[in-house]
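Chain by chain, the residues run as shown.
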Amino acid sequence: MAALVIFLFLAGLALVAGGIILLVRRGAGAGSSGPRVPVPATVVRQVGLRQPPVLEVDYPGPDGRPLRGRVSVPMSAAGFGQALLTGGSPTTVWVDPRRPEDISLQQSGRSGSGRALGGALMLFFGLGALFFGAMFSFLLPFG
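Everything quoted here is computed from the prediction, not taken from an experiment.

Draft legend 1. Region of the structure containing the environment of P35. Along the chain, the position of P35 falls in the loop between α1 (2-29) and β1 (37-47). Here P35 falls in the exposed class, since its relative accessible area comes to 63%. As a C-alpha pair, P35 and P97 span 62 residues in sequence and 8.0 Å in three-dimensional space.

Draft legend 2. Summary view of a nonpolar patch on the surface. Taken together, M1, L4, F7 and L139 make up a surface patch of nonpolar side chains, about 440 Å² in accessible area. Within the secondary structure, M1 sits in the segment before α1. Using a relative accessible area of 51% as the deciding quantity, one classes M1 as exposed.

Draft legend 3. Summary view of the sheet that holds strand β4 (residues 90-96). On the basis of which strands lie adjacent, the open sheet formed by five strands has the order β3-β2-β1-β4-β5 and antiparallel pairing. Lying at the two open borders of the sheet, with one neighbouring strand each, are β3 (66-72) and β5 (99-104). For this sheet the average axis-to-axis angle between neighbouring strands, irrespective of direction, equals 45°. Pairing of β1 with β4, which is carried by six bridges, proceeds in the antiparallel orientation. In the strand pairing of β4, A41 is matched with T91.

Analysis parameters
Residues numbered from 1 in each chain as written. Predicted model: local features only at pLDDT ≥ 70, side-chain atom pairs only at ≥ 80, totals over all residues. Heavy atoms only, no water. Helix = DSSP H or I, 4+ residues; strand = E, 2+ residues; numbered from the N terminus. Buried < 20%, exposed > 50% of the residue type's maximum accessible area, 1.4 Å probe, protein only. Patch = residues over 30% accessible without salt bridge, like charges linked within 9 Å, V, L, I, M, F, W, Y side chains within 5 Å. Areas by Shrake-Rupley, 256 points an atom, 1.4 Å probe, with all protein chains shown as cover. Salt bridge = Lys/Arg side-chain N within 4 Å of Asp/Glu carboxyl O. Pairing = 2+ DSSP bridges. Axes fitted to C-alpha atoms, helices over the stretch in contact; angles between N-to-C directions.

Written out as structure tokens, the structure reads:
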């Protein structure tokens, strides 16, 4: 029983630390890709049956040559309308001029929602492991 309590405490601490690191890095990395410029784009198709959807778009690069890229629809009110776009629909993508393949449907860059969700889940399960470790520690015999 003591080994279980120690394992729960160690796993809980590791998960809490990992969750905090993911959440802090997401906050620090939001918008760190540099200034983006709006570029008109045309939706080619939706890729796969994922949620949130991924759109394949054609757009001009900074030098004028045509580029094609994939971009995730953000999980927001604005993203709901973008999720309904079909092939041939016009839209706007935000391009990092230094890296033209880095495109986004929002000015701030990648939303990082996957990293934020992962960090929140790690934090939740870490706190749960710490809680259950504390509860099981009361079951250990004193002495």
